[in-house]
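# Residue-level structure breakdown
Okay, here's what each chain looks like letter by letter:
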Amino acid sequence: QEVEAAGFFGHSAADVKQAMANAGLRCVSAHYGLVDLKPKLGEIIQYGKDLGLSYIICSAPMMRDPSRAKGLSWNAMMEAVTLDDWKWNAEQFNTIGEKVRAAGIQLGYHNHFVEFHRKEGGVRPYDIILSNTDPRLVTMEMDVGWVVIGGAKPEDYLTKYPTRFTQLHVKEFKLANWKPGEEPISTEMSKGSLDYKSIFAAARHANIHHIYVEQEAFPDMETFA
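I will try to describe carefully the structure that is included in this document. (Residues numbered from 1 in each chain as written. Predicted model: local features only at pLDDT ≥ 70, side-chain atom pairs only at ≥ 80, totals over all residues. Heavy atoms only, no water.)

## With respect to unusual backbone geometry
The phi angle at Phe9 is positive, at roughly 55°, despite the residue not being glycine. With respect to the element layout, Phe9 can be found in the loop between β1 (2-5) and α1 (13-22). Of note, Ser190 is a non-glycine position whose phi angle comes to about 80°, a positive value. Turning to its location among the elements, Ser190 is positioned in the loop between β8 (185-187) and α9 (196-203). (Helix = DSSP H or I, 4+ residues; strand = E, 2+ residues; numbered from the N terminus.)

## Looking at the pairing of strand β4 (residues 106-110)
Counting buried residues in β4 gives four out of five residues, a clear majority hidden from the surface. Two strands pair when backbone bridges link them, and strand β3 (residues 55-60) and β4 are joined in this way by four bridges, in the parallel orientation. Paired with Tyr55 across the bridge in β4 is Gln106. Bridge analysis of β4 against strand β5 (residues 138-143) gives four bridges, and the strand direction is parallel. (Buried < 20%, exposed > 50% of the residue type's maximum accessible area, 1.4 Å probe, protein only. Pairing = 2+ DSSP bridges.)

## Looking at empty space enclosed by the protein
Throughout the structure, instances matching the rule amount to one cavity of 30 Å³ or more. Counted as a void, the largest cavity has a volume near 30 Å³. Considering the residues around the largest cavity, the lining is formed by Trp74, Asn75, Met78, Glu79, His112, Phe113 and Val114. The biggest single contributor to the lining of the largest cavity is helix α3 (residues 74-80), with four residues. The residue makeup of the lining of the largest cavity, split by class, is four nonpolar, two polar and one charged. (1 Å grid on protein atoms, 1.4 Å probe; cavity = no way out; pocket = protein on both sides within 12 Å on 5 of 7 lines; lining within 4 Å. Points joined across faces, edges and corners; volume = space filled by probe spheres on them. Nonpolar A, V, L, I, M, F, W, Y, C, P; charged D, E, K, R; others polar.)

Purely spatial values, then, with no claim about function.
Have a look at this one:
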């Protein structure tokens, strides 16, 4: 009954809202990169208000100096984001979050795997985001699958910071023969390796309001082409 968007592809908020209503759905959350949030925040907030969003989620950070990202793939850029960059991102989230909150919407941050597998001085980038953002202004949307791929346990974060998380992305990977650094193999829910019994047990004690099933890919993508 509820969905989260990652791009509206030129459609107006009114058209999207009507299409959702026709399908018996409600769009409660939408993803944007920081590269779009910074220059287009007013436009994005107005779109969100018109659509009836409860959350605007930042799903991709930036480097403080964008010229460093020139020519890099998205994965390479994420790997090159330094701890100082992550601190700067947290500052941007607080500033943007205050404006989003004033409009009656909640800003959040969605993780990938690099925030967990990279450590500098024993510090994970994700811990920088958690410790340097104001909980009133920035909530956290945990992508459970990417936490696992990053080498951390979703349960640990849900237990340690129960009030910081309001949304989950749940997905499945086949990890039996997977090695860190390799692309994980996506599969359908219940056919993978993640321990959702343990994850959901921890989530029950957190502040989760929405859970989205996110299908990264199918084992036989050609079948669905």
